[in-house]
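Descriptive analysis of the structure
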Amino acid sequence: MDAINVEGVARSFGTVRAVEGVSLRVPAGQVVAVLGPNGAGKSTLIGMMLGLVTPDGGRVELFGRNPSQAAAEGLVGAMIQQGDLVPNLTVREVVGFVGGLYPRPMPLDEVLELAGLTDLAGRRAGRLSGGQAQRVRFAMAVAGAPEVLVLDEPTAALDVEARRAFWAAIRRYAAGGRTVLFATHHLDEADENADRVVVVARGRIVADATPAEIKQRAGGRTVRFTLGGRPAAGLERLPGVTAVEVTGDVATLRTADPDTVVAALYGAGLTVRDLEITTPALEDAFLSLTSADL
């Protein structure tokens, strides 16, 4: 049974069609990133998965249950962008209270350790920094040991070190076969941590594949090198080359087969210096897929 099953959901706000006919299946144990520009429909889609937004059409199921049933059974936890903490309660009290609402909560000390909050357990929530408060929200999301964890921009307000620690915690949490779905504007986070990337644009899913497969849509790989004073004429005729760009003394060749291109370069007797083979960034593919929205 799929952990998340979304079938043909749609939602409008007035005359704005936020989500239109989206279907998505997520097997148990996957870590899925949802990407999209502002206004693409990511947060609305996540809201429908959590039962916070009612779809105009279609249906959402978590382990075969509607979102309300799944929440009542402790199967789903969420970390959303909005939500204030009770300022006069300590971190331990806040997280412990939330965990107590679930039928099978994770031990409190284990939650605090996972979220990096052990040393802050006695501090009142009103005295936390923005990044520390975000870690408390993460602890609240996992306090019930949910099988599905949904995160909306989870690393907002976190610095680089805290982001690294956060994703290490997510990998630990998912290692037990749990399902994680997260929306982010940090494309490097999706590239490094997701098994699968879903790109949303104009209220629809425009791509759904592994990070490597998504990046291939940006046009294959590049072979970059310094010309060494030699003319660039004829590079476009080398086998495997699909495009050539020359900036100053540096040539960049696009190709799906870099080994063939490199062999052809040396076979032609060219003086090649500073040779570098790169794969396209996830950002390149993202911009290509969503360019109409930007």
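The sections below set out a description of the structure shown in this document.

Definitions and limits used
- Residues numbered from 1 in each chain as written.
- Predicted model: local features only at pLDDT ≥ 70, side-chain atom pairs only at ≥ 80, totals over all residues.
- Heavy atoms only, no water.
- 1 Å grid on protein atoms, 1.4 Å probe; cavity = no way out; pocket = protein on both sides within 12 Å on 5 of 7 lines; lining within 4 Å.
- Points joined across faces, edges and corners; volume = space filled by probe spheres on them.
- Helix = DSSP H or I, 4+ residues; strand = E, 2+ residues; numbered from the N terminus.
- Patch = residues over 30% accessible without salt bridge, like charges linked within 9 Å, V, L, I, M, F, W, Y side chains within 5 Å.
- Areas by Shrake-Rupley, 256 points an atom, 1.4 Å probe, with all protein chains shown as cover.
- Salt bridge = Lys/Arg side-chain N within 4 Å of Asp/Glu carboxyl O.
- Pairing = 2+ DSSP bridges.
- Axes fitted to C-alpha atoms, helices over the stretch in contact; angles between N-to-C directions.
- Contact = heavy atoms within 4.5 Å.
- Buried < 20%, exposed > 50% of the residue type's maximum accessible area, 1.4 Å probe, protein only.

Next up on the list: the layout of surface pockets. In this model, the largest pocket occupies a volume close to 430 Å³. If you go around the largest pocket, you meet 18 residues; those closest to its centre are Gly 77, Ala 78, Met 79, Ile 80 and Tyr 102. Mapped by element, the contributors of at least two residues to the lining of the largest pocket are helix H2 (67-72), strand S5 (76-79) and helix H5 (130-142). The element that contributes the greatest number of residues to the lining of the largest pocket is S5, accounting for 4 residues.

With that settled, the discussion passes to a nonpolar patch on the surface. Taken together, the side chains of Tyr 266, Leu 275 and Ile 277 present a nonpolar region at the surface, about 260 Å² in accessible area. Of note, Tyr 266 is situated in helix H9 (residues 258-267).

Before going further, it helps to spend a moment on the sheet that holds strand S11 (residues 241-247). As summarised here, the arrangement of the 4 strands in space is S11-S12-S10-S13, forming an open sheet in which the pairing is antiparallel. With partners counted over all chains shown, the strands left at the sheet margins are S11 and strand S13 (273-278), one partner each. Strand-to-strand, the axes of this sheet are offset by a mean angle of 15 degrees, without reference to chain direction. Sheet topology note: the strand S10 (residues 221-226)/strand S12 (residues 250-255) ladder contains 6 bridges and is antiparallel. Residue Arg 221 lies in a different strand from S12, and its bridge partner there is Thr 255.

Once that is clear, we can look at the environment of Gly 144. Inspection of the secondary structure puts Gly 144 in the loop between H5 and strand S6 (148-152). In this structure, Gly 144 is in contact with Gly 74, Tyr 102, Arg 104, Pro 105 and Met 106, ignoring residues within four places of it in sequence.

Another point: the pattern of salt bridges. Considering all chains together, one arrives at 14 salt bridges under this definition. Asp 109 is paired through a salt bridge with Arg 92; the nearest N and O atoms lie 2.9 Å apart. Taken together, the residues span a long stretch of sequence, with Asp 109 in helix H4 (residues 108-114) and Arg 92 in helix H3 (residues 91-99) at a distance of 17 residues. The exposure class assigned to Arg 92 is partly exposed, which follows from its relative accessible area of 36%. Here Arg 196 and Asp 208 are joined by a salt bridge, their closest N and O atoms 2.7 Å apart. Separated by 12 residues along the polypeptide, Arg 196 in strand S8 (residues 196-201) and Asp 208 in strand S9 (residues 204-209) bring together distant segments of the chain. When its relative accessible area of 12% is taken as the criterion, Arg 196 is described as buried. Three or more residues are tied together by salt bridges with common partners; here these are Asp 2, Glu 7, Arg 25, Arg 59 and Glu 61.

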